[in-house]
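# Coordinate inspection notes
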Amino acid sequence: MKKIFILFAVVAVSFTACQKDTEVIKSQDATVKVDMSDWSAYTDEADLKGAHEHGRGCYSMHVLNEKLRNNPGLEATMYKIEKDTRISTSKKPAPVEDDGAYEGAITIPVIVNILEDYNGEVTTAQINSQIDVLTMDFTNLNPNTSGTPAEFAPVVADCGITFVLAGVNREISTLAEWGTSDAMKRSSSGGIDVTDPSTYLNLWVCDIGGGILGYAQFPGGDPATDGVVIGKDYFGVVGGVYGDGRTATHEVGHWLNLRHIWGDGRCNRDDYVADTPVSDQANYSCPTYPTEHCRTNDMTMNYMDYVYDDCMYMFTEGQNARMRALFVPGGVRESLVL
Ligand SMILES: [Zn+2]
């Protein structure tokens, strides 16, 4: 749960009489004040230890910490994005009608960059199945959503985001472990360079190693490494508990500025989304509802938890608003919808 304090100041409302008609000129300057005191770009190292070894193996928060340490300007950039997000997602009461949210349809063209042992190892069917799963999940068409517990049903979101395959780049590489240093994103290190990240979502598919399923770069980072990395064995519909294509759904959630559902910390650390319950830990495998932490039931079925692929099936309206805040005029991902 996040705390937002909104202060509105209607600076001036003036009435001007014209010669023929009476024209009402409203001059409004709404000032939105948001509380940023709970925000942190970093995740405590103690809270990162071990989590990925128990299951899902998302390395996004580790990579973010590393990038923050190596790029002194990144934290300030992310602070601004967070502040803009909080302003955009704050409900503004009348008389200001425009709540600032981007409400249009969002179509994201995807470039898939594949590093494989032999040409065609990652099949066209596998690629297409991944694009289909992304669209299904971001438009609330995952059939498992019918199992949503009653307490969470009112906040299930159709995010209205669809994905289309825009191109596939392939390179043959037998490197067994690409790691998490973004080597797969640079031709100079044997990888494939990013394709215009202002226009495309770039996915890299390769063997990451270390039991890691994938990792994403949060908004605000270096354009040269912007995108999502997915382990070859977890890309598309390939079978197995992590084989329904939901690593990409989870990581694209990060790429659109979503944090893990438990906030990567104790009960006082949040995911900065108001309609997701507070929790102090990830959930694994396929929990039976309810699972309680921090005196509320965990939303284990959220795509941003760590459960098996077929046990996660929802984003919330709050997460949807947080993602869409990136697409408003001046937003960090606005160029994708221009
Ligand atoms: Zn994650």
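Residues numbered from 1 in each chain as written. Predicted model: local features only at pLDDT ≥ 70, side-chain atom pairs only at ≥ 80, totals over all residues.

### As for the overall build of the chain
- Counting secondary structure elements, the chain contains six helices and nine strands.
- Counted over contacts in the chain with a minimum sequence separation of 6, partners at least 24 positions apart contribute 66%. (Helix = DSSP H or I, 4+ residues; strand = E, 2+ residues; numbered from the N terminus. Contact = placed C-beta atoms within 7 Å.)

### Looking at the pairing of strand β3 (residues 106–116)
- With eight of its eleven residues buried, β3 lies for the most part within the structure.
- Relative to strand β4 (residues 161–172), β3 runs parallel, the two sharing eleven bridges. Looking at the pairing, V110 lines up with L165 of β4.
- Traced from β3 through helix α4 (residues 124–138) to β4, the parallel crossover comes out right-handed.
- Sheet topology note: the β3/strand β5 (residues 201–206) ladder contains five bridges and is parallel. Among the inter-strand pairings, V110 is bridged to a residue of β5, identified as L201. (Buried ≥ 20, exposed ≤ 12 C-beta atoms within 10 Å, placed from the backbone. Pairing = 2+ DSSP bridges. Right-handed = clockwise from strand over helix to strand, strands pointing away.)

### A word on the sheet that holds β3
- Pairing in this open sheet of five strands is mixed, and the strands run β4-β3-β5-β7-β6 from one edge to the other. With one partner strand each, in any of the chains shown, β4 and β6 (214–216) form the two edges of the open sheet. The average angle at which neighbouring strand axes cross in this sheet is 20°, direction not considered.
- One ladder, built from four bridges, connects β5 with strand β7 (residues 228–231); its direction is parallel. Looking at β7, one finds that C206 is bridged to G231.
- Helix α5 (residues 246–255) contacts β5, β6 and β7 of the sheet and is inclined by roughly 160° relative to β7. (Axes fitted to C-alpha atoms, helices over the stretch in contact; angles between N-to-C directions.)

### Re helix α3 (residues 74–89)
- With 16 residues, α3 extends 22 Å from end C-alpha to end C-alpha; this agrees with the ideal 22 Å at 1.5 Å per step.
- Every buried residue belonging to α3 is among M78, I81, E82, T85, R86, S88 and T89, and all of these are buried. Axial view of α3: buried residues confined to an arc of 160°, hence all on one face. Set apart from the buried face of α3 by more than 90 degrees, the exposed residues are A76 and K80.
- Of the surrounding elements, those touching the buried residues of α3 are α6 (317–324). (Expected span 1.5 Å × (residues − 1). Arc of directions from axis to C-beta.)

### A look at the nonpolar core
- Formed by 68 residues in total, the largest nonpolar core has its most connected members in V110, L203, V205, V228, I230 and A248.
- Broken down by element, this core gets its largest block of residues, seven residues, from β3.
- Setting aside its immediate chain neighbours within four residues, I230 contacts L203, V205, G214, F235, T247, A248 and E251. (Core = buried A, V, L, I, M, F, W, Y, C linked by C-beta atoms within 7 Å.)

### Considering unusual backbone geometry
- Backbone torsion omega between Y289 and P290 reads 0°, so that peptide bond is classified as cis.
- Looking at the element boundaries, P290 is found in the loop between α5 and β8 (292–293).
- Phi at S285 takes a positive value of approximately 50°, unusual for a residue other than glycine.
- Following the sequence through the fold, S285 ends up in the loop between α5 and β8.

### Notes on helix α2 (residues 60–70)
- Looking at α2, one finds that the buried residues are S60, M61, V63, L64 and K67. In an axial view of α2, the angular spread of the buried residues amounts to 155°, which keeps them on one side of the axis. The exposed residues of α2 that point more than 90 degrees off its buried face are R69 and N70.
- Against the buried residues of α2 lie α1 (45–48), α3, β6 and α5.

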